[in-house]
Amino acid sequence: VRGRGKNSQNRKVTDFFPIRRSSRKSKTELKCEQKKLIDDLIANGIEEGMKVQHIEGKGRAVFATRSFQKGDYVVEYHGDLLQITDAKKREAEYSQNPSTGCYMYYFQYLCKTYCVDATKETGRMGRLINHSKTGNCQTKLHDINGVPHLILVASRDIDKGEELLYDYGDRSKASIAAHPWLKS
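Residues numbered from 1 in each chain as written. Predicted model: local features only at pLDDT ≥ 70, side-chain atom pairs only at ≥ 80, totals over all residues. Heavy atoms only, no water.

### Observations concerning the pattern of salt bridges
- For the structure shown, the criterion picks out ten salt bridges.
- Among the ionic pairs, Arg-124 bridges to Glu-47, the shortest N-O distance being 2.9 Å. Of this pair, Arg-124 sits in the loop between β6 (112-117) and β7 (130-131) while Glu-47 sits in the loop between α2 (27-43) and β1 (50-55), and the two are 77 residues apart along the sequence.
- Overall, Arg-124 belongs to the buried group, its relative accessible area being 15%.
- By relative accessible area, which is 15% here, Glu-47 ends up buried.
- Connected through shared salt-bridge partners, Glu-47, Glu-76 and Arg-124 make up one network. (Salt bridge = Lys/Arg side-chain N within 4 Å of Asp/Glu carboxyl O. Helix = DSSP H or I, 4+ residues; strand = E, 2+ residues; numbered from the N terminus. Buried < 20%, exposed > 50% of the residue type's maximum accessible area, 1.4 Å probe, protein only.)

The following block contains the structure:
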């Protein structure tokens, strides 16, 4: 009987063939990487894949310079993050001057009402994305260390050259009377 002596070893398949480990990542790992990527884009104010153009009769608009897939991060709606009491005071100040636009977005986060005030003119593009009831983007809250950030994500696949649009959600009679374009 061969192989039964003192010096013989039990051999395993792995002694002859290397172990292959899967390089696939779990859903949790992928989500974590995606969150970190968005965190970095927000923290560094990086806005890629879009440009501002002027449209006659409409004003400024933001267009995709690359394609976005459904669910992709597009841009942050960047501005001052305010609690509701400060936001209402600021909104009252803005209403005193009809030439001041209002770029205030109210939302609920952890049982509190907040507002992102993007009224101040900056180089950021999120505030310039126009309204459409059938837009190609939607708002989403993104938490970074307990602080909510309002972001826009693609609600469907978006082609290069398409105008980026989202539904402002304002259906009040006063708003529609002042801004009839909210109906479309």
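Having seen the structure, we can now continue with the description.
### Notes on the side chain of Thr-119
- Tracing the sequence through the fold places Thr-119 in the loop between β6 and β7.
- Accessibility expressed as a relative area gives 12% for Thr-119, which makes it buried.
- Within the local environment of Thr-119, its side chain forms a polar contact with the backbone nitrogen of Tyr-103, the two atoms lying 3.2 Å apart.
- Leave out the neighbours within four places in its chain, and Thr-119 touches Tyr-94, Thr-100, Gly-101, Cys-102, Tyr-103, Met-104 and Arg-127. (Polar contact = N/O pair within 3.5 Å; in protein donor to acceptor, adjacent residues only side chain to side chain. Contact = heavy atoms within 4.5 Å.)

### Some points on the packing of aromatic side chains
- Under the criterion given, the structure shown has five aromatic pairs.
- Here Tyr-105 and Tyr-166 contribute two aromatic rings whose centre-to-centre distance is 6.5 Å and whose plane-to-plane angle is 40 degrees, an arrangement assigned as tilted. Of this pair, Tyr-105 sits in strand β5 (residues 104-109) while Tyr-166 sits in strand β10 (residues 165-166), placing them 61 residues apart in sequence.
- Overall, Tyr-105 belongs to the buried group, its relative accessible area being 16%.
- The exposure class assigned to Tyr-166 is buried, which follows from its relative accessible area of 4%.
- These aromatic residues form a ring-pair network of at least three members: Tyr-77, Tyr-105, Tyr-166 and Tyr-168.
- When the ring centre of Phe-68 is taken as origin, the NZ or CZ atom of Arg-66, which lies over that ring, is 4.0 Å away.
- Here the guanidinium or amino end of Arg-127 rests over the ring plane of Tyr-103, the centre of that ring lying 4.2 Å away. (Phe/Tyr/Trp six-rings, centres within 6.5 Å; stacked < 30°, edge-to-face > 60°. Lys NZ or Arg CZ within 6 Å of the ring centre and 35° of its normal.)

### What to know about the sheet that holds β5
- Here three strands make up an open sheet; going across it, the order is β4-β6-β5 and the pairing antiparallel. Edge positions in the sheet fall to β4 (80-83) and β5, since each has one partner strand and no second. Along the sheet, successive strands turn relative to each other by an average axial angle of 30 degrees, direction set aside.
- By the bridge criterion, four bridges tie β4 to β6 in an arrangement that is antiparallel. Across the sheet, Leu-81 pairs through a bridge with Val-116, a residue of β6.
- Sheet contacts for helix α3 (residues 84-95): β4, β5 and β6; angle to β4, the most-contacted strand, approximately 110 degrees. (Pairing = 2+ DSSP bridges. Axes fitted to C-alpha atoms, helices over the stretch in contact; angles between N-to-C directions.)

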